[in-house]
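Coordinates in review
Take a look at the letters that make up each chain.
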Amino acid sequence: MNTTDNKFFCFYPFRAIDILADSSAVPCCRFDERFSENLSYVNDKNSISDAFNSEYFNNLRNKMLAGEKVNGCWKCYKEDDSGVKSMRVGANQYMQETTEIDLEYLEIESGRFCNLKCRSCSPTVSSGFHKEVKSSNFMSNHFRLEPNDEILDPKNQLNKSFLYIAKEQSQKLKYIKVTGGEPLLSEYFLEYIQKLNKWGFSKNITLQFYTNSSFLPKQKLLSALSKFKQIDLFLSIDAIGKKSNYIRSGSDWNTMENVAKQWYNFSVDNKNVILDVNTTISIYNVLYLKELFNWTNEHLKIKWPALSFVHNPSFLSVSSFGVDIRNKILKILKKELNELGFNSDKSPRYKKLINFLENTENSDKFLKFIEFTDNVDKIRNEDWKVIFPELYRLLTGYKNSI
């Protein structure tokens, strides 16, 4: 079956599982669990096999086979409609195109434990926000959390699901993707990949993980990585210099730059390691991609970082600023990318960026953006107008109410 034959069909529920920070199980990282009830959990009483073969997963599969819309899949639908190749369409890159139910792709969030508090992130996946949520009424109300909420408890910061993945449930795995929090802060992540080495499965597995580049891991992790068939290592970098410090609050650009260069050297020395950069496009950094691409090209030999887009919170998405402002952004981007020689229509990542800006829906959440950004600036003693002067001037011309 071809995914394009049925725009609501996806192979992920048939071949993959994603275990979230709270140990609940959904088909993939793009799936919005807020639309779901009766989620299965992976713990000491419920295995990955139990979750993967649960009534919840079977209902998703049946809906997709019947061509019914699945509300939790709205992010892929949105990208499909805007001409961007979604995870749904690109599923065959990682798994067999079959409706046979067999687990070969595992994605798992390492937990909420993270040393950063990125602007487009939240306390549900980063412990970096916890002090602010407990001390600020704005942050508490914005994230709809009480200071004593259980997800803010230090005991709930690491995903213990790693501990309950048995040998027999790992033997058919071909691809494992680990996201944050920050995976390299999870002792359970290290334990699991050491088990995969011990079981002899690593040589058959491509391991993909994302790190915020704020520190280098211990040697025992680096040694464990060398035994995998392939390592797809993504450095999460959204901007450089002060802009990076602002967007990925809690980080220090000088440290990130040094760590990224060391990861580059590690990839040169280990032929099973493929280094890449993942850049999340938001209204904050969309005008500053030229300087980021210059840096990744010069220091990491990466011309085009992998691109993802902020969808939630929606007021940080470029698509929330209306056609007029997006056209101005497009004009600037095309000119700058042309100057870099990065405007080739043959580049999938170029087309992905341009298609998203050209084809997303027309909406305007400008005032919500201003409210959120100004309030967080006060809490963190920052000023977006100083950090992003070009963006400020552009938006000033768009709305005179800044």
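Throughout what follows, the structure given in this document is the object of discussion.

**Examining helix H14 (residues 348-359)**
Helix length check: H14, at 12 residues, gives a terminal C-alpha distance of 16 Å against a target of 16 Å (1.5 Å per residue), a fit within 8%. Along H14, the residues that are buried comprise Tyr350, Leu353, Ile354, Phe356 and Leu357. All buried residues of H14 fall inside an arc of 160° around its axis, so they share one side.

**Observations regarding the side chain of Thr179**
By the element assignment, Thr179 lies in strand E5 (residues 175-179). When neighbours within four sequence positions are excluded, Thr179 is seen to be in contact with Glu107, Ile108, Glu109, Ser110 and Tyr210.

**Side note on the pattern of salt bridges**
Pairing between side chains of opposite charge can happen when the charged atoms of each approach one another. In the structure shown here, the tally under the stated rule is 19 salt bridges. Notably, a salt bridge pairs Arg15 with Glu104, separated by 2.8 Å at the nearest N-O pair. Of this pair, Arg15 sits in helix H1 (residues 12-15) while Glu104 sits in the loop between helix H4 (74-81) and strand E4 (105-109), and the two are 89 residues apart along the sequence. Accessibility expressed as a relative area gives 3% for Arg15, which makes it buried. For Glu104, a relative accessible area of 3% puts it in the buried group. Residue Asp377 is joined to Arg119 by a salt bridge in which the shortest nitrogen-to-oxygen separation is 2.8 Å. Taken together, the positions of Asp377 in helix H15 (residues 366-380) and Arg119 in the loop between E4 and helix H5 (130-135) put the pair 258 residues apart, joining distant regions of the chain. Assessed through its relative accessible area of 5%, Asp377 is described here as buried.

**Quick word on unusual backbone geometry**
Cis geometry is found at the peptide bond from Gly180 to Gly181, where omega equals -5°. In this structure, Pro313 follows Asn312 across a cis peptide bond, with omega equal to 10°. For Pro313, the position within the fold is in the loop between strand E9 (306-309) and helix H13 (322-340). Even without being a glycine, Arg144 presents a positive backbone phi close to 55°. Counting through the fold element by element, Arg144 comes out in the loop between helix H6 (137-142) and helix H7 (167-170). Residue classification places Arg144 among the exposed positions, given a relative accessible area of 77%. One non-glycine residue, Lys301, lies in the positive phi region at around 60°. Inspection of the secondary structure puts Lys301 in the loop between helix H12 (289-300) and E9.

**Describing the side chain of Ser47**
By secondary structure assignment, the location of Ser47 is in the loop between strand E3 (40-41) and helix H2 (48-52). Classification of Ser47 as buried rests on a relative accessible area of 18%. Aside from chain neighbours lying at most four places away, what touches Ser47 is Val42 and Gln169.

**Describing the pairing of strand E6 (residues 206-211)**
For E6, the buried fraction is high: six of the six residues fall into the buried class. Residues Thr206, Gln208 and Tyr210 line one face of E6 and the alternating positions Leu207, Phe209 and Thr211 line the opposite face, and both faces are buried. Bridge analysis of E5 against E6 gives four bridges, and the strand direction is parallel. Considered in E6, the bridge of Tyr175 is made with Thr206. At this point the chain moves from E5, through helix H8 (residues 187-199), to the parallel E6, and the crossover so formed is right-handed. Following the backbone out of E6, through helix H9 (residues 219-225) and into the adjacent parallel strand E7 (residues 230-236), one traces a crossover that is right-handed.

Here is what the cut-offs are and how they apply
Residues numbered from 1 in each chain as written. Predicted model: local features only at pLDDT ≥ 70, side-chain atom pairs only at ≥ 80, totals over all residues. Heavy atoms only, no water. Helix = DSSP H or I, 4+ residues; strand = E, 2+ residues; numbered from the N terminus. Expected span 1.5 Å × (residues − 1). Buried < 20%, exposed > 50% of the residue type's maximum accessible area, 1.4 Å probe, protein only. Arc of directions from axis to C-beta. Contact = heavy atoms within 4.5 Å. Salt bridge = Lys/Arg side-chain N within 4 Å of Asp/Glu carboxyl O. Pairing = 2+ DSSP bridges. Right-handed = clockwise from strand over helix to strand, strands pointing away.

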